[in-house]
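Listed below, chain by chain, are the residues.
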Amino acid sequence: MLKQRIITALILLPIALCGFFLLEGSGFALFIGLVVTLGAWEWARLAGFAAQPIRVAYAAVVALMLFVMHILPGLAPWVLGASVLWWGVATYLVLTYPRSSELWSSAACKLVIGLLILLPAWQGLVQIKQEPLGNWLIMAVMVLVWGADIGAYFSGRAFGKRKLAPLVSPGKSWEGVYGGLALSLVITVIVGLVRDWTVAQLFKGLIGAAIIVFISVVGDLTESMFKRQSGIKDSSNLLPGHGGVLDRIDSLTAAIPVFAVLLWMAAP
């Protein structure tokens, strides 16, 4: 398994880096759209559809909606606004699971939730890419999420006692969340010092980083909740040793649109 994970990572990493940082405009939108469309194919399975024709049809619908969003950029505020509302609701659903499953157990509801997760993730990346320092901002949100994951892993293993959401993901602890948050805040402080931020800018950066870390945890737990409800371990086997696309981007699907909204709010 470790060998598979390493080989897959070595193949995917250069592809991902080239796609994120070398592509621009429609090329970038298409690259991200392909990833999101694969995620839609996986999500249909989490929604309870095992038959390939239905899964492919759902992915096709998502791809069509992405195209519409691309040619109608005025939809962006609505898509990202809906995402912020959704992740607030998702926080409640995760905290109250399994009782909350009564609210979203129907297949139709799960398919709609898939749209609320996938479409804003694409929109958020497209919006961030258009910022003056778009590539660096994309790297920033990814580093925050990865830092939170790394900090949570080591802190959870060393100090984890209080379960975060035992009925959703038994392995996660509050101590892990705090460790991930601490590492992400340290990264933010280092960036602030290197870039010579003012005290006010550093304060805003730390608040923003904390929000991104907590919402990324919600994104991770949300996919875990749907997988647990469906009795599925991995969203697919597309990435040997890593599971599926959604298993790799679950935290980012929450962090990216919220990060895009925070950038809008912070703009002068």
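Residues numbered from 1 in each chain as written. Predicted model: local features only at pLDDT ≥ 70, side-chain atom pairs only at ≥ 80, totals over all residues. Heavy atoms only, no water.

**Let's talk about the overall build of the protein chain**
Across its full length, the protein chain holds 10 helices and two strands. Secondary structure elements of the protein chain, listed N to C terminal, follow the sequence α-α-α-α-α-α-α-β-β-α-α-α. The C-alpha atoms of the protein chain give 18 Å as radius of gyration, which agrees with the globular expectation for 268 residues (18 Å, within 12%). With respect to the three principal axes, the spread of C-alpha positions in the protein chain is 55 × 50 × 40 Å. Taking all 268 residues of the protein chain together, the buried fraction comes to 45%. In the protein chain, of all internal contacts separated by at least 6 residues, the share reaching a separation of at least 24 is 71%. On the protein chain, the mean spot of the 18 positive side-chain charges and the mean spot of the 12 negative ones are 7 Å from each other. (Helix = DSSP H or I, 4+ residues; strand = E, 2+ residues; numbered from the N terminus. Rg over C-alpha atoms; globule rule 2.2 N^0.38 Å. Buried < 20%, exposed > 50% of the residue type's maximum accessible area, 1.4 Å probe, protein only. Contact = heavy atoms within 4.5 Å. Lys, Arg positive; Asp, Glu negative; His and termini not counted. Charge placed at Lys NZ, Arg CZ, Asp CG, Glu CD.)

**Observations regarding the pattern of salt bridges**
In this structure the tally under the stated criterion is five salt bridges. Here Lys 227 and Asp 247 are joined by a salt bridge, their closest N and O atoms 2.9 Å apart. Of the two residues, Lys 227 sits in helix 9 (residues 199–230) while Asp 247 sits in helix 10 (residues 245–266), which places them 20 residues apart along the sequence. The pair formed by Lys 227 and Asp 247 is uniform in burial state, with each residue classed as buried. In this structure, a network of salt bridges that share partners links the residues Glu 223, Lys 227 and Asp 247. (Salt bridge = Lys/Arg side-chain N within 4 Å of Asp/Glu carboxyl O.)

**Let's talk about the side chain of Lys 110**
Locating Lys 110 in the fold gives a position in helix 6 (residues 107–129). One buried charge, Lys 110, has no salt-bridge partner; the nearest side chain with opposite charge is Glu 223, at 13 Å.

**Notes on the packing of helix 4 (residues 76–95) against helix 6**
Orientation of helix 4 relative to helix 6, taken along the N-to-C sense of each, is 125°, at an axis distance of 9 Å. Here helix 6 runs oblique to helix 4, going by the angle between their axes. For the pair helix 4 and helix 6, the crossing hand works out as left-handed. Residues Ala 76, Val 79, Leu 80, Ala 82, Ser 83, Trp 86 and Trp 87 of helix 4 lie in contact with helix 6, whose contacting residues are Ile 113, Leu 116, Ile 117, Leu 119, Pro 120, Gln 123, Gly 124 and Gln 127. (Axes fitted to C-alpha atoms, helices over the stretch in contact; angles between N-to-C directions. Parallel < 35°, antiparallel > 145°, perpendicular 65-115°, else oblique. Left-handed = near helix turned anticlockwise from the far one by under 90°.)

**Comments concerning the UniProt feature "transmembrane region" (unreviewed entry) in the protein chain**
The UniProt feature table records "transmembrane region" (unreviewed entry) at residues 28–44, 56–72, 78–95, 107–124, 136–155, 176–194 and 206–226. With 94% helix and 0% strand, residues 56–72 has its two end C-alpha atoms placed 24 Å apart. A distance of 27 Å separates the end C-alpha atoms of residues 136–155, which is 100% helix and 0% strand. (UniProt positions renumbered as here; feature names shortened; annotations may be inferred.)

**A closer look at the nonpolar core**
Ranked by internal contacts, the top residues of the largest apolar core, which has 62 residues, are Ile 32, Trp 43, Trp 87, Trp 122, Ile 212 and Met 225. Put simply, the parts of the chain that give this core at least two residues each are helix 2 (25–46), helix 3 (52–71), helix 4, helix 6, helix 7 (134–159), strand 1 (163–165), helix 9 and helix 10. Those residues in contact with Ile 212, other than ones at most four positions away along the chain, are Val 141, Leu 144, Val 145, Ala 255, Val 258, Phe 259 and Leu 262. (Core = buried A, V, L, I, M, F, W, Y, C linked by side-chain atoms within 4.5 Å.)

**Concerning the layout of surface pockets**
Each pocket or cavity is described by its volume, and for the second largest pocket that value is around 1200 Å³. For the lining of the second largest pocket, the elements supplying multiple residues, two or more each, are helix 7, helix 8 (174–194), helix 9 and helix 10. Classifying every residue of the lining of the second largest pocket gives 22 nonpolar, four polar and three charged. (1 Å grid on protein atoms, 1.4 Å probe; cavity = no way out; pocket = protein on both sides within 12 Å on 5 of 7 lines; lining within 4 Å. Points joined across faces, edges and corners; volume = space filled by probe spheres on them. Nonpolar A, V, L, I, M, F, W, Y, C, P; charged D, E, K, R; others polar.)

**So, helix 7**
Across its 26 residues, helix 7 extends 37 Å between first and last C-alpha, which sits within 8% of the 38 Å expected from 1.5 Å per residue. Of the positions making up helix 7, those classed as buried are Gly 134, Ile 138, Val 141, Met 142, Leu 144, Val 145, Gly 147, Ala 148, Gly 151 and Ser 155. (Expected span 1.5 Å × (residues − 1).)

**A few points about the packing of aromatic side chains**
Scanning the model with the defined rule gives nine aromatic pairs in all. Look at Phe 20 and Phe 31: their rings are 6.1 Å apart centre to centre, the planes differ by 80°, and that puts the pair in the edge-to-face class. Here Phe 20, found in helix 1 (residues 2–21), pairs with Phe 31, found in helix 2; they are 11 residues apart in sequence, far enough to count as distant. Phe 31 matches Phe 20 in its accessibility class, with the two residues each being buried. Measuring from centroid to centroid gives 4.4 Å for Trp 104 and Phe 226, while their planes differ by 45°, and the two rings are tilted. Placement of Trp 104 in helix 5 (residues 101–104) and of Phe 226 in helix 9 is noted, with a sequence separation of 122 residues between them. Of the two residues examined, Trp 104 and Phe 226, each falls in the buried class. Note that Arg 55 overlies the ring of Trp 41, its terminal NZ or CZ placed 3.9 Å from the centroid. Sitting over the face of the ring of Phe 28, Lys 129 holds its NZ or CZ atom 4.8 Å from the ring centroid. (Phe/Tyr/Trp six-rings, centres within 6.5 Å; stacked < 30°, edge-to-face > 60°. Lys NZ or Arg CZ within 6 Å of the ring centre and 35° of its normal.)

**Quick notes on empty space enclosed by the protein**
With a probe scaled to a water molecule rolled over the atoms, the places where space remains empty come into view. Summed over all chains, the structure comprises one cavity of 30 Å³ or more. Along its surface, the largest cavity is lined by Trp 43, Trp 87, Ile 117, Gly 219, Thr 222, Glu 223, Leu 246, Asp 250 and Thr 253. Residue assignment for the lining of the largest cavity shows that the elements contributing at least two residues are helix 9 and helix 10. Of the residues contributing to the lining of the largest cavity, the split by class is four nonpolar, three polar and two charged.

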